[in-house]
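So you can see what is in the structure, the chains are spelled out below.
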Amino acid sequence: AGLATALAAVARGLRVVLVEKSHRLGGATAAAVGDLWVPCNHLMPAAGLTDTPDAARAYMRFLSGGYALPAMTDAYLRAAPPALRDLEASGVSFHLLRGLPDHYYPSAEGSSADGRMVECAPIPRAALGEWGARLEEGVHNEPGVSWADAIAWGGLGARARWPEHELEARRRDDLLAAGAGLVGHFLARLLAAGTPILADTRLDRLITEDGRVTGLDGPTHRIRARRGVVLATGGYEGNPDLVNRFEGLPDWMNIFPDSVTGDAMLLAGEIGAATWRVPNNLAMLVGYAI
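Given the structure is predicted, the values throughout are model-derived calculations rather than measurements.

(A) Fine view of helix α7 (residues 178-192). Over its 15 residues, α7 runs 21 Å from end to end, which matches the ideal 21 Å to within 8%, given 1.5 Å per residue. Buried residues dominate α7, accounting for 12 of its 15 residues. If you check which residues of α7 are buried, you get Ala178, Gly179, Ala180, Gly181, Leu182, Val183, Gly184, His185, Phe186, Leu187, Ala188 and Leu190. Just beyond α7, the residue with positive phi is Gly194, at close to 75°.

(B) Structural view of the sheet that holds strand β2 (residues 36-37). Spatial ordering of the open sheet is given by β2-β4-β3, a layout of three strands whose pairing is antiparallel. Of all the strands in the sheet, the pair left with one neighbour each is β2 and β3 (95-96). Pairing of β2 with strand β4 (residues 117-119) involves two bridges; the strand directions are antiparallel. Considered in β4, the bridge of Trp37 is made with Met117.

(C) Spotlight on the sheet that holds strand β10 (residues 222-224). Within the open sheet, the three strands sit side by side as β8-β9-β10. Their pairing is antiparallel. Across the chains shown, the open sheet's two edge strands, defined by having one partner strand only, are β8 (205-209) and β10. Adjacent strand axes in the sheet meet at a mean angle of 35°, parallel and antiparallel pairs treated alike. Relative to strand β9 (residues 212-217), β8 is paired through five bridges, and the arrangement is antiparallel. Its bridge partner lying in β9, Glu209 is registered against Arg212.

(D) Layout of the packing of helix α3 (residues 53-64) against helix α4 (residues 70-89). For the pair α3 and α4, interaxial distance at closest approach is 11 Å and the crossing angle is 140°. Viewed along their axes, α3 and α4 adopt a mutual orientation that is oblique. Once α3 is placed against α4, the crossing between them reads as right-handed. On α4, the residues touching Pro53, Ala56, Arg57 and Met60 of α3 are Thr73, Asp74, Tyr76 and Leu77. Looking at the contact of α3 with α4 residue by residue, the classes come out as five nonpolar, one polar and two charged.

(E) Quick peek at unusual backbone geometry. With phi around 55°, Asp174 is a residue other than glycine that occupies positive phi space. Topologically, Asp174 is positioned in the loop between α6 (164-173) and β6 (175-176). Positive phi outside glycine occurs at Ala178, with the angle close to 55°.

(F) How the structure looks around the packing of aromatic side chains. The tally for this structure, following the rule as stated, stands at five aromatic pairs. When the ring of Tyr236 is compared with that of Phe246, the centres are 5.5 Å apart and the planes differ by 50°; the resulting orientation is tilted. Highlighted residues: Tyr236 in the loop between β10 and α8 (240-247) and Phe246 in helix α8, separated in sequence by 10 residues. The two residues Tyr236 and Phe246 agree in class, both being buried. A connected cluster of aromatic rings, assembled from ring pairs, spans Trp37, Tyr59 and Tyr76.

(G) Region of the structure containing a nonpolar patch on the surface. On the surface, Phe62, Leu63, Tyr104 and Tyr105 cluster together into a nonpolar patch covering about 470 Å² of accessible area. Looking at the secondary structure, you find Phe62 in helix α3. Accessibility expressed as a relative area gives 42% for Phe62, which makes it partly exposed.

The rules we used
Residues numbered from 1 in each chain as written. Predicted model: local features only at pLDDT ≥ 70, side-chain atom pairs only at ≥ 80, totals over all residues. Heavy atoms only, no water. Helix = DSSP H or I, 4+ residues; strand = E, 2+ residues; numbered from the N terminus. Expected span 1.5 Å × (residues − 1). Buried < 20%, exposed > 50% of the residue type's maximum accessible area, 1.4 Å probe, protein only. Pairing = 2+ DSSP bridges. Axes fitted to C-alpha atoms, helices over the stretch in contact; angles between N-to-C directions. Parallel < 35°, antiparallel > 145°, perpendicular 65-115°, else oblique. Left-handed = near helix turned anticlockwise from the far one by under 90°. Contact = heavy atoms within 4.5 Å. Nonpolar A, V, L, I, M, F, W, Y, C, P; charged D, E, K, R; others polar. Phe/Tyr/Trp six-rings, centres within 6.5 Å; stacked < 30°, edge-to-face > 60°. Patch = residues over 30% accessible without salt bridge, like charges linked within 9 Å, V, L, I, M, F, W, Y side chains within 5 Å. Areas by Shrake-Rupley, 256 points an atom, 1.4 Å probe, with all protein chains shown as cover. Salt bridge = Lys/Arg side-chain N within 4 Å of Asp/Glu carboxyl O.

Right under this line is the structure:
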């Protein structure tokens, strides 16, 4: 979300600085699957696929179990398709992830059998210069293997039958795919635009003046923002206090980068922002040590 916001701002002529508290970039996204769920996207018609906002809304309503905020559901459905077009116009290329129905419940009302999932093609790590060695690494797939590849080769369950020469070629070419590939594409465009990146930069509070946020303050940097500050820090899986408070799981195995500690909730909460909690959301992908 942070990279996408930065890219959208750069495309509109705004001056942007990207701030990351960790030594490594990408956060949970780089370590994740890396595909995007975009109903009614502009890539579907060329593939002979159709979709409707009403069907997508019905599927989201089913997934939410009654806890969704309708205004947020409508905002996602309204904004996601043009956002995908906008990102492509900024130089990030996507393709349909064919053969993958809607996540979780492919038989639910409003589900689509194909076309709502999109991903980026693998990208060479070398395209990111010195930052290529400072991405969080994916944990869900083989290095350099996209989900389109995995599906074409029979899925993760058929890993033993995947073509070893293809896997070796991807390792040899040092390709980034899945979540790391998605982050890599955004980062490559920002680097090409000369966007400054401050890594290893912790920020402790939001600066406010006359009722609006005007910057960020930390031990080593104080950053003024004329237009605004975007908080894109992921969840709170690396913060034991928040995990225990919101999920009731005092001892659990964190499968996300340790830097994901709920900073946005803390920074915004300190100046009065509210938190909407979905009970029993199971969004934390609980891991079990066996």
